2 protein chains.
Amino acid sequence: MSQEPHTETRPATPTAHIASIGTALPGDPVDNASLAKMLGVNEEWIEVFIGTKTRHFARDLATGEVRWSLADLCARAAEKALYADGVDASAIDFIVLGTATPDTLMPATVNDVADQLGLDQVPTFQLQSGCAGAVQALSLAQTMIASGQYRTGLVIGGDVCSKHLDVRRDLSDAAPSDLVNFVLFGDGAGAAVLTAEPAGQRIAVRHVLNRFTGLGRKAGQVIEWFGLADRHDDRQALTEDYKAIEEGVPVMAVEILWELLGELDWEADDLDYLLPPQLSGRMTRRITEELGLPTAREVSCVADTGNNGNALPFLQIEKLLGEMSPGEKALAVAVESSKWIKAGFALEKI
Amino acid sequence: MSQEPHTETRPATPTAHIASIGTALPGDPVDNASLAKMLGVNEEWIEVFIGTKTRHFARDLATGEVRWSLADLCARAAEKALYADGVDASAIDFIVLGTATPDTLMPATVNDVADQLGLDQVPTFQLQSGCAGAVQALSLAQTMIASGQYRTGLVIGGDVCSKHLDVRRDLSDAAPSDLVNFVLFGDGAGAAVLTAEPAGQRIAVRHVLNRFTGLGRKAGQVIEWFGLADRHDDRQALTEDYKAIEEGVPVMAVEILWELLGELDWEADDLDYLLPPQLSGRMTRRITEELGLPTAREVSCVADTGNNGNALPFLQIEKLLGEMSPGEKALAVAVESSKWIKAGFALEKI
């Protein structure tokens, strides 16, 4: 065990590898015309202000029927990841799931996922987190493998944001800052098999950044839940300081990019791929422009999937895997605007 | 890094140490007479069936007013732990919080705790878990320190169960299996400073057990949360299979005890202290009898604090610290009945 004090994953020493990826999106894509009709809002406004074309929902918005639970989506994504790598489920010695929208508070959804996968006798962890949750799960899994105590793990991220979509509400006079909560999000899940030695896709995790930077800063996004005692209170569950997000996230994204490059001793020109934050089609375009990496190819999915939270990095990595050649480098940037978490990771195909 | 496959923390190789503990219980203790009066239930029934004498609540049950958030309680406990050890907050390089009842879904409560503590630029993790959450947090923190990537961390556990206490409900005809949800629980938080090298109280964490064992088993306890779309549904939020818990937990506790002793190569007679599961005063007495360790002194708190979930192991360790001498050994057993997690840990004062 090393004795020097340091607070983060050491760069350039891959101690974990992504062997495979699986993702799951519920049902058919819902386009802006359909969404606008269901919510009673203007289709053009969605296209211009949000810039997202389609998304998937786990519940039938018209009837409220829940068609897929978060556990269903996560298990499906994990099965695909296991199948893709030909990994026997018995090789998995831990599961880490990141989500902001668990099916229930207890049991943790990760345990229902383990049950669906036929896994038993393994440690299971579920992280409560927003847009940084998938990166936090990756960070923990990397650390667990680096400790030498674990060798192969399932890292899962997913969200069912439609649990917060009350389609019975009349949105005709809703302010844009409120309306955004109804049109920004989607549902989905993703999973990765992480291994100590290179296997399958042979993607080395070179560095993971995960750092709280919210001291003294008001939360940019709040999602409340209701208990038995307060569920009939007439308060808002989702609140966003969209102005703070619009101003803060691009600045933080640039800081994360340069911080990651510095830690890795990589030059901006070394990057073959950039996985930018996936807030919305419009915001992602803006952030990518500000990051200013002309030589790196952008890998984004939000315009097709909506912001489905902790599923996003897996959806991006899945697209990346189709393109990446040995020796190529990719860098992912994620920002959690709830209480301002800087997150990101660096991948290299070996 | 070791290459052999193994799925758990290696025993007998302390890679983390508890330097100090802090706890926080909200307000004055509420005795059975007061609770019985507030809920309109029989005082004697609480005493006989639950066996818990007092508990603390973060909300005023009479008015519904929230007096302490979970973040408030966790920050207070963490401050006490930091103060007790004389640790400068700047030495903390990560925080892990375990809870089943976060204040909000976003931000994760751990980030509000960090803010209250004046901490910034550190990784923060929040585990969604029931009775095993504090052990899971301890397990992760131990692994993080064992990885050599981190040296000093705050491990926090807490729950505000009273978020689920609807005192407006008429309980006069409630079945015991329903009533139990109103009288079993309490609120509270606890925290520990974990260090790579022995410091402060010099308690070596010899082993941590955390294992999902719920494959194919129905959840023994479910806590649902309500979103914007479904909060007016007239469904039950807390459901317990009390019979399954009463039958399953004592058996699992005995299995955990012997499994931990086997991993540690300790004899039952070696144990100076036993920290049994803290389900309720009555269940804890029963389990302790079944564990059958006449030479080990029992360290329990539930009769005074109620079942306050992820705070319990910290409350037990705090009591333990007042008694433990160098060379003495303690073993803690915890069971999460939601989806059947075996948990426990072994401590030795050095």
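Everything below is about the structure printed above this text.
None of these values were measured; they are calculated from a predicted model.

What counts and how
Residues numbered from 1 in each chain as written. Chains lettered and ligands numbered in written order. Predicted model: local features only at pLDDT ≥ 70, side-chain atom pairs only at ≥ 80, totals over all residues. Heavy atoms only, no water. Helix = DSSP H or I, 4+ residues; strand = E, 2+ residues; numbered from the N terminus. Rg over C-alpha atoms; globule rule 2.2 N^0.38 Å. Buried < 20%, exposed > 50% of the residue type's maximum accessible area, 1.4 Å probe, protein only. Contact = heavy atoms within 4.5 Å. Areas by Shrake-Rupley, 256 points an atom, 1.4 Å probe, with all protein chains shown as cover. Lys, Arg positive; Asp, Glu negative; His and termini not counted. Charge placed at Lys NZ, Arg CZ, Asp CG, Glu CD. Phe/Tyr/Trp six-rings, centres within 6.5 Å; stacked < 30°, edge-to-face > 60°. Lys NZ or Arg CZ within 6 Å of the ring centre and 35° of its normal. Least-squares fit on C-alpha atoms with pLDDT ≥ 70 in both. Salt bridge = Lys/Arg side-chain N within 4 Å of Asp/Glu carboxyl O. Core = buried A, V, L, I, M, F, W, Y, C linked by side-chain atoms within 4.5 Å.

### Considerations on the overall build of chain A
Then step 1. Secondary structure summary: chain A contains 10 helices and 14 strands in total.
Then step 2. Its C-alpha radius of gyration of 19 Å places chain A within 12% of the 20 Å reference for a compact globule of 350 residues.
Then step 3. Seen through its C-alpha atoms, chain A measures out along the principal axes to roughly 60 × 45 × 40 Å.
Then step 4. Within chain A, the proportion of its 350 residues that are buried is 67%.
Then step 5. For chain A, the proportion of contacts with a sequence separation of at least 24, taken over those separated by at least 6, is 79%.
Then step 6. Put simply, chain A shows about 11500 Å² of open surface, and 49% of that area lies on carbon and sulfur atoms.
Then step 7. In chain A, 29 positive and 50 negative side-chain charges are present, and the distance between their average locations comes to 1 Å.

### Considerations on the packing of aromatic side chains
Then step 1. The full count for this structure, using the stated rule, is 6 aromatic pairs over all chains.
Then step 2. When the centroid spacing of 5.0 Å and the interplanar angle of 20° are considered together, the rings of Trp45(A) and Phe49(A) count as stacked. With Trp45(A) and Phe49(A) both in helix α2 (residues 43-50), this residue pair falls 4 residues apart, about one helical turn.
Then step 3. By relative accessible area, which is 22% here, Trp45(A) ends up partly exposed.
Then step 4. A relative accessible area of 22% places Phe49(A) in the partly exposed class.
Then step 5. Among the aromatic side chains, those forming a connected cluster through ring pairs are Trp45(A), Phe49(A) and Tyr242(A).
Then step 6. Over the ring of Trp225(B) we find Lys163(A); its NZ or CZ atom is 4.3 Å from the centre of that ring.
Then step 7. Above the ring of Trp266(A), the side-chain terminus of Lys329(A) is found at 5.3 Å from the ring centroid.

### Let's talk about unusual backbone geometry
Then step 1. Looking along the chain, the bond that leaves Met106(A) and enters Pro107(A) is cis, with omega of -5°.
Then step 2. For Pro107(A), the position within the fold is in the loop between β4 (95-99) and α4 (109-117).
Then step 3. Unlike most non-glycine residues, Gln121(B) shows phi in positive territory, near 65°.
Then step 4. Take Gln121(B): it is sitting in the loop between α4 (109-117) and β5 (124-128).
Then step 5. Classification of Gln121(B) by relative accessible area gives partly exposed; the value is 36%.
Then step 6. Phi at Arg202(B) is positive, roughly 55°, even though this residue is not glycine.
Then step 7. Overall, Arg202(B) belongs to the partly exposed group, its relative accessible area being 37%.

### Brief notes about the relation of the copies chain B and chain A
Note: a rotation about an axis with an accompanying shift along it relates these two copies of the chain.
Then step 1. In the superposition of chain B on chain A (RMSD 0.0 Å, axial shift 0.0 Å), the rotation amounts to 180°. On this basis, the relationship between the two copies can be described by a two-fold rotation axis. Taking C-alpha positions as reference, the residue of chain B nearest the rotation axis is Ser147(B), located at 1.9 Å.
Then step 2. Most of the interface of chain B is mirrored in chain A, where 100% of its interface residues are also at the interface.

### Examining the pattern of salt bridges
Then step 1. If you walk through the whole model with that rule in mind, you get 24 salt bridges over all chains.
Then step 2. Asp241(A) is paired through a salt bridge with Lys218(A); the nearest N and O atoms lie 3.7 Å apart. Of this pair, Asp241(A) sits in the loop between β10 (238-240) and α7 (242-264) while Lys218(A) sits in the loop between β8 (203-212) and β9 (221-223), and the two are 23 residues apart along the sequence.
Then step 3. Judged by its relative accessible area of 27%, Asp241(A) is partly exposed.
Then step 4. For Lys218(A), a relative accessible area of 64% translates into the label exposed.
Then step 5. The partner of Lys342(B) in a salt bridge is Glu255(B), and the shortest N-O contact between them spans 2.8 Å. Residue Lys342(B) is found in strand β14 (residues 341-349), and its partner Glu255(B) is found in helix α7 (residues 242-264); the two are separated by 87 residues along the sequence.
Then step 6. Accessibility expressed as a relative area gives 10% for Lys342(B), which makes it buried.

### Here's the deal with the nonpolar core
Then step 1. Within the largest apolar cluster, 107 residues are counted, with the highest numbers of intra-cluster contacts made by Leu331(A) and Leu331(B).
Then step 2. Sequence-distant contacts of Leu331(B), defined by excluding residues within four places in its chain, comprise Leu257(B), Leu260(B), Leu261(B), Leu264(B), Trp266(B), Leu271(B), Tyr273(B), Leu274(B), Leu275(B) and Phe345(B).

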